[in-house]
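Listed below, chain by chain, are the residues.
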Amino acid sequence: MKTIGVIGGMSPESTALYYSKINRSVNLYLGKNHSADLLLHSVDFETIVELQKNGEWVQAGQLLAQSAVMLEKMGADGLLLAA
């Protein structure tokens, strides 16, 4: 099974929804008690919001990219942004 890397924190609700839907889908597909091989990194969304308000879009993107690199180093085969 591939490992999914999830960048969360854009809101707790969206992060929880992605987590739940991914695991329910894996369970429906594989049956029994299977769940996803998943890594989650939750960013501090307030930091992202402040950067956006100040027009610092590059820095906001760099923070999200750092999260993606960290998940990749931890073994994620693919990434998604739970937003």
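In short, a report on the structure. All values reported here derive from a predicted model rather than from experimental measurement.

## Regarding the packing of helix H2 (residues 45-53) against helix H3 (residues 57-73)
Pairs of packed helices are described in terms of their axes, by the angle between the two and the distance that separates them. Orientation of H2 relative to H3, taken along the N-to-C sense of each, is 155°, at an axis distance of 7 Å. In terms of orientation, H2 and H3 fall into the roughly antiparallel class. On the side of H2, the interface is formed by Thr47, Ile48, Leu51 and Gln52, while H3 contributes Trp57, Gln59, Ala60, Leu63 and Leu64. Here the contact of H2 with H3 is built from residues that sort into 6 nonpolar, 3 polar and no charged.

## Re the nonpolar core
Counting residues in hydrophobic clusters, the biggest one holds 10 residues: Ile7, Met10, Leu39, Val43, Ile48, Leu51, Ala60, Ala68, Leu71 and Ala76. Every element with two or more residues in this core is listed here: H2 and H3. With 3 residues, the single largest contributor to this core is H3. Apart from the residues lying within four places of it in its own chain, the contact partners of valine 43 are Ile7, Gly8, Gly9, Met10, Ile48, Leu64 and Ser67. Of all hydrophobic cores here, the second largest spans 6 residues; its members include Val6, Val26, Leu38 and Ala82.

The rules we used
Residues numbered from 1 in each chain as written. Predicted model: local features only at pLDDT ≥ 70, side-chain atom pairs only at ≥ 80, totals over all residues. Heavy atoms only, no water. Axes fitted to C-alpha atoms, helices over the stretch in contact; angles between N-to-C directions. Helix = DSSP H or I, 4+ residues; strand = E, 2+ residues; numbered from the N terminus. Parallel < 35°, antiparallel > 145°, perpendicular 65-115°, else oblique. Contact = heavy atoms within 4.5 Å. Nonpolar A, V, L, I, M, F, W, Y, C, P; charged D, E, K, R; others polar. Core = buried A, V, L, I, M, F, W, Y, C linked by side-chain atoms within 4.5 Å. Buried < 20%, exposed > 50% of the residue type's maximum accessible area, 1.4 Å probe, protein only.

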